[in-house]
Structure formats: C-alpha cells, structure tokens
Protein chains: 2
Amino acid sequence: MGDRNGSGGRNRGAWTVRGSRHVLRDRWIGVRADDCTTPGGVDVSPYYVLEFPDFVHVLASDAAGRFVLARQYRHGVGGASIELPGGNVDAGETDPGAAAMRELREETGYGGGHFEAVASFSPDPARYANRLHLVRARDVVPGAARPDAAEDIDVVLADRAELVRLVRTGGIVSAPHVGLILLGLSLDDEASAG
Amino acid sequence: MGDRNGSGGRNRGAWTVRGSRHVLRDRWIGVRADDCTTPGGVDVSPYYVLEFPDFVHVLASDAAGRFVLARQYRHGVGGASIELPGGNVDAGETDPGAAAMRELREETGYGGGHFEAVASFSPDPARYANRLHLVRARDVVPGAARPDAAEDIDVVLADRAELVRLVRTGGIVSAPHVGLILLGLSLDDEASAG
C-alpha cells in the first residue's frame, strides 16, 4: 500500500484538549464541546463530540438462510428505514453477543441459534465517541417480539439474493447498515472459502 | 421478500411533532429537540435530531486501478481513521459530483478523471437529518493538495485487493465508509458483468 507522507506513530496528529464541557446531557445523548489545538497549532474550538452508548446490530439468518431485518420509522430521516435489528448496549452489558440477542428478541421475536461478535466499528469517527458492534447470528427461530412502547417494527425476511438487491438498489438507506450487511456477507464468503 | 405485518403506506409510523426547538446551533452542527407523539400515542419528548450539511465521499481510482484514501486524526474516536476523501457539501453546491471533486482535490491533490454520483444514503437514519452522497471517480491523477489549516492528511493508495483486505481486517474503522467502499466495488462488478 502506498503512503505518500509516511504514517508516523499510531496517534500522530492527535489534538490537545485544553478544556471540555457538556452542552447537552440527556437519557441517550451527550454533546461534549472540546476546546482543541491541532499539532500544527490551529485552534479548533469548540469541537463537538457526540456521546452515545455503544450500538450493536445483528446480521441474523434462520436455518433456511433467510435474513431477519427490521423496518421502522426513523425520525432523523422522517421516514421508514430497513435496518439490521439492534440498538444500544445497555449499561452493564459487556458482551455484544448478549446485547444483540436481547435486541433481536425484543424487536423481531427471533432467538435461539448461535451468536458471534465479528467486528467493531465507529458509527462516525469524526463525530461519535462510541463503538458499533456487528454480531452474526445463525439458525435463529421466530418467537414473540417485545418492542418498546414507542417502537412499531415490521419484520422483513430476505434471502441472500434479495438482501444484496436491497442494498444495491437503495432499499437500505443507512450507510452504516450497508457496511454491516456487506461486510457480514463478505466474512461469510471468506469463511466458507477458507 | 416476506413481511409479517404488511407495510401500509410509505410513511406509516410517522411521528407527530408537537413542538421543536434548537438546543445547539454552531458552524457545522445543529441539535434539534422535537416533542413527538408516535401513532400509538406514546410521548417521545424530547427526541434529538442532529443537523449537519450533507456529506459527500468519493471512491476514486487512478488509471492503474489504485484507490485514493485519506488517513487523518478524527477527534470523535481520538485516533487515526482511513476513509474515503470527502466532507461537507457547501451551501450552494447542488451537485454532489462537483463537491466530491473539490473535496478530493483539497484533501489529496487528486483531480481530473470522471466523476459520477452513484448513490445517496443517510449517515444514521435515527439521529441525522442530512444525506450522505457516494461519488465514483475514475482515472484521477495526482496534484497538489490544499487541506484546511486544521487538517493533516496522509494519502493512502491501495489496489482493489488491498482495499478489500483493509475493510475485512478492521483497517477501515468507519462503518459508513465500509458501506460506501463495498457498495461502490459491488456496483463496479455489476457494471462490468452487465
């Protein structure tokens, strides 16, 4: 891989934080304002960092190879969005697999099967301080959903070809979920090839 | 595709907004607090929506098939992140292709070639109100970068196999960028197959 300028140390480029305060702290969100200086001496103040609990999402399939998706209204975009089931990792939950199992059950009713945490990302490295975990679940089976009172979720089942078509044709509007789905399928291929 | 509950109208499930105010408005960010009611009568107040300019990112390759990536410090994660070049669509910029061309030049120096907007997403449908545009650029050529004063960017060149390896092994920490890269490569494959 080419690198025109050299990489230096791992955290080369890190900003110095001279001061920090929260401008917002509510149940599921924190907005932190950091007063920063870059290594080049440029003042970046304030720089806002969004604090959320970690997110977990699950690429779950049943024994027939059908993937379990959740369609629900999302107020950010003001419309419906088809996504991988998931949500916030609760305080005290240290295992993304267990959080994924809980969220999958609550949102879709699916459970059982085998859960494996396969990758961890940032939802948005420039702005978010939290992590987003991808869990792969296989051989899940249907059951009764227990959505939160404010959630109204349709379960959508799609075989692999339908899932790829959804992603390629704009049926998945969430860029991170496009990433989680295509990476999950890619890791499946790698595992079955190797 | 299976659908256990039926989909209803396109905006079935939309919340009613009873009131709205901004709790933060600064140069590149707005935090809006909406007082909402779900169709089921549940009060969701406040629900915070993050307002940013639209984002644009470009999957750019040179004539040798090497992809142009940008590595820089990202203060949200507090470390380096390798991403597709890009940034905010400026006010008055209506063409994602032109915004991508400007950002690619500023951050990496690469220009020329052919730019095509290929897809549009939400960076985070639950929380963000803006759009994220993916632009594909081919046959770009190197030139002089013009980064912002606060930016310190390393250009990373990777052929397709190296890019896929980066994505699969955690070298790309940004979930949306994993999505943009894998979708862009997938659309390339589809075009060359069809």
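Quick summary incoming for the structure in this document. (Residues numbered from 1 in each chain as written. Chains lettered and ligands numbered in written order. Predicted model: local features only at pLDDT ≥ 70, side-chain atom pairs only at ≥ 80, totals over all residues. Heavy atoms only, no water.)

**As for the overall build of chain A**
Secondary structure summary: chain A contains three helices and eleven strands in total. In chain A, the succession of α and β elements from N to C terminus is β-β-β-β-β-β-β-β-α-β-β-β-α-α. Its C-alpha atoms give chain A principal-axis dimensions of about 55 × 45 × 35 Å. Split into buried and exposed, the 194 residues of chain A put 54% on the buried side. (Helix = DSSP H or I, 4+ residues; strand = E, 2+ residues; numbered from the N terminus. Buried < 20%, exposed > 50% of the residue type's maximum accessible area, 1.4 Å probe, protein only.)

**Remarks on the relation of the copies chain A and chain B**
Overlaying chain A on chain B yields an RMSD of 0.0 Å, the required transformation being a rotation through 180° with an accompanying axial translation of 0.0 Å. Viewed as a symmetry operation, the transformation between the two copies matches a two-fold axis. The C-alpha atom lying nearest the rotation axis in chain A is that of Gly179(A); the distance is 1.6 Å. Residue by residue, 100% of the interface of chain A is reproduced at the interface of chain B, so both copies engage with the same surface. (Least-squares fit on C-alpha atoms with pLDDT ≥ 70 in both. Contact = heavy atoms within 4.5 Å.)

**Section: the sheet that holds strand β5 (residues 55–60) of chain A**
Residues and elements named next belong to chain A. The sheet built from four strands is open, its strands ordered β8-β5-β10-β9 with mixed pairing. Each having just a single partner strand, β8 (86–88) and β9 (114–121) make up the two edges of the open sheet. Looking at each pair of strands side by side, their axes are set apart by 20° on average, direction ignored. Pairing of β9 with strand β10 (residues 132–138) involves seven bridges; the strand directions are antiparallel. The residue of β10 that forms the bridge with Glu116 is Arg136. (Pairing = 2+ DSSP bridges. Axes fitted to C-alpha atoms, helices over the stretch in contact; angles between N-to-C directions.)

**Quick word on helix α1 (residues 96–108) of chain B**
Residue and element names in this part refer to chain B. Here α1 contains 13 residues, and its C-alpha end-to-end distance of 18 Å stays within 8% of the 18 Å for a straight helix at 1.5 Å per residue. Burial of α1 is extensive: ten of the 13 residues sit out of reach of the surface. Within α1 the residues assigned to the buried category are Pro96, Gly97, Ala99, Ala100, Arg102, Glu103, Leu104, Glu106, Glu107 and Thr108. Here the buried face of α1 lies against β5 (55–60), β6 (67–74), β8 (86–88), β9 (114–121), β10 (132–138) and β11 (154–158). Taking the backbone nitrogen of Gly97 as reference, a side-chain oxygen 3.0 Å away marks Asp95 as the first, capping residue of α1. (Expected span 1.5 Å × (residues − 1). Polar contact = N/O pair within 3.5 Å; in protein donor to acceptor, adjacent residues only side chain to side chain.)

**Section: the nonpolar core**
The biggest cluster of nonpolar side chains holds 64 residues, and the ones touching the most others in it are Leu50(A), Phe121(A) and Leu50(B). If near-sequence neighbours (up to four positions away) are discounted, Phe121(A) is found in contact with Asn130(A), Arg131(A), Leu132(A), Leu134(A), Leu180(A), Leu183(A), Ile172(B), Val173(B), Ala175(B) and Val178(B). (Core = buried A, V, L, I, M, F, W, Y, C linked by side-chain atoms within 4.5 Å.)

**Overview of the sheet that holds β5(B)**
The strands that make up a sheet pair up through hydrogen bonds in the backbone, lying either parallel or antiparallel. Residue and element names in this part refer to chain B. Spatially, four strands are ordered β8-β5-β10-β9 in an open sheet, and the strand pairing comes out mixed. The open sheet terminates on both sides in strands that have one partner only, identified here as β8 and β9. The mean angle between the axes of side-by-side strands here comes to 20°, regardless of whether they run parallel or antiparallel.

On their own, these measurements won't tell you what the molecule is for.
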